[in-house]
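Chain by chain, the residues run as shown.
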Amino acid sequence: MNNDKKISVAVIKRLPRYYRYLGDLLDNGITRISSNDLSKRMNVTASQIRQDLNKFGCFGQQGYGYNVELLYEEIKKILGLNKTYNLIIIGGGNLGQALVNYSNFARRGFNFIAIFDRNPKLIGLTVSGIEILDVAELKSFLENNRVDIGVLALPKDNAKQVAPILVENGIKGIWNFSHVDLDVPDNVVVENVHLTDSLMQISYAINGYVE
């Protein structure tokens, strides 16, 4: 990777998409592809593809294109997907359970190891083989287990209370589904997921701007 170059957020957000498309190519037995052919599949200009990938190294060969498997593995390493990550979910309701039940996370190396909630009706239930624990046990669990990413799938007021516990116990990544901006140190990465924002963007696109 060319560490002397600053990588924009836009480029980083495109990397998972490249990874998915390259995985599909491998599944279909395609071993090499040009930036022009990849461009047609992804609806991204060939120039943009070359610019994005060149920020991390020289992966293509003129007249040959890209070795699909090699590029797939390189992007996998860039994204850190050559490692496994332990995740916990705080919030064992419908959203939290749906996330745990989604098997594709494990295929990418993201393993859920615990679910926490404070609702007595949920505590003790099992979701995909994982028992929902009392949130009162959260601190103790973090002290005794390796956890890389905390997932917040609970109301915003509760999220504000839980986030500091995660940070104080060494969590460096938070996947935040709660509708609140978290106040965390700069060395903690927070990815906010606001599902209704996506729907509002669709609403805008359907209706267009009307003064």
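Above this note sits the structure.
Worth saying up front: this structure is predicted, and the values here are computed from it rather than measured.

Visitor: Got a sec to walk through the overall build of the chain? Specific residues and values, please.
Guide: When its secondary structure is counted, the chain shows nine helices and 10 strands. With the C-alpha coordinates aligned to their principal axes, the bounding extent of the chain is approximately 65 × 50 × 35 Å. Buried residues in the chain amount to 37% of all 211 residues. The contacts in the chain between residues at least 6 apart in sequence include a share of 58% that link residues at least 24 apart. As displayed, the chain offers around 12,900 Å² of accessible surface, 48% of which is attributable to carbon and sulfur atoms. For the chain, the distance from the average position of its 23 positive side-chain charges to the average position of its 22 negative side-chain charges is 7 Å.

Visitor: If you had to explain unusual backbone geometry to someone new, which residues and values would you point to?
Guide: Positive phi, close to 60°, is recorded for Asn43, a residue that is not glycine. Within the fold, Asn43 resides in the loop between α2 (35–42) and α3 (46–54). Positive phi outside glycine occurs at Ser128, with the angle close to 50°. Looking at where Ser128 falls in the secondary structure, it is placed in the loop between β6 (126–127) and β7 (130–134).

Visitor: How would you sum up the pairing of strand β4 (residues 85–90)? Please name residues and give values.
Guide: Of all six residues in β4, six are buried; the element is thus mostly enclosed. Alternating residues of β4 divide into Tyr85, Leu87 and Ile89 and Asn86, Ile88 and Ile90, and every residue in both groups is buried. Here six bridges tie β4 to strand β5 (residues 110–117), and the two strands are oriented parallel to one another. Of the residues in β5, the one forming a bridge with Ile89 is Ile115. Looking at chain direction, β4 and strand β8 (residues 149–152) are connected through four bridges and run parallel. Its bridge partner lying in β8, Ile88 is registered against Gly150.

Visitor: Any chance you could break down the sheet that holds β6 for me, citing the residues and the numbers?
Guide: Strands belonging to one sheet form pairs held by backbone hydrogen bonds; the direction of such a pair is parallel or antiparallel. Taken in spatial order, the seven strands make up an open sheet running β6-β7-β5-β4-β8-β9-β10, and their pairing is mixed. Two strands bound the open sheet, and with one partner strand each, they are β6 and β10 (189–192). Two strands pair when backbone bridges link them, and β5 and β7 are joined in this way by three bridges, in the parallel orientation. Residue pairing for β7: Ile115 is matched across the bridge by Ile132. Contacts from helix α8 (residues 156–168) reach β4, β8 and β9 (173–176) within the one sheet, and its direction differs from that of β8 by about 175°.

What counts, and at which threshold
- Once a new chain begins, its residue numbering starts again from 1 and follows that chain's sequence as written.
- Per-residue local features are limited, in this predicted model, to residues with pLDDT of at least 70; the limit for side-chain atom pairs, both in listing and counting, is 80 or more; totals at the level of whole chains, interfaces and linings are taken over all residues.
- Each side-chain value is derived from all of the structure's non-hydrogen atoms; neither hydrogens nor water enter the calculation.
- A helix here means a DSSP run of H or I that spans at least four residues, while a strand means a run of E at least two residues long, and both kinds are numbered starting from the N terminus.
- Buried means the residue's accessible area, taken with a 1.4 Å probe over protein chains only, is under 20% of the maximum for its type, while exposed means over 50%, and partly exposed covers the values in between.
- Contacts are assigned to residue pairs with any non-hydrogen atoms lying within 4.5 Å of each other.
- Accessibility throughout is a Shrake-Rupley quantity obtained with a 1.4 Å probe, and a residue counts as covered only by protein chains that appear here.
- His residues and chain termini do not enter the charge count, which takes Lys and Arg as positive and Asp and Glu as negative.
- Charge positions are represented by NZ for Lys, CZ for Arg, CG for Asp and CD for Glu.
- DSSP bridges decide pairing: two strands pair if at least two such bridges lie between them.
- Axis lines are fitted to C-alpha atoms, over the contacting stretch for helices. Their N-to-C directions set the angle, which ranges from 0 to 180 degrees.

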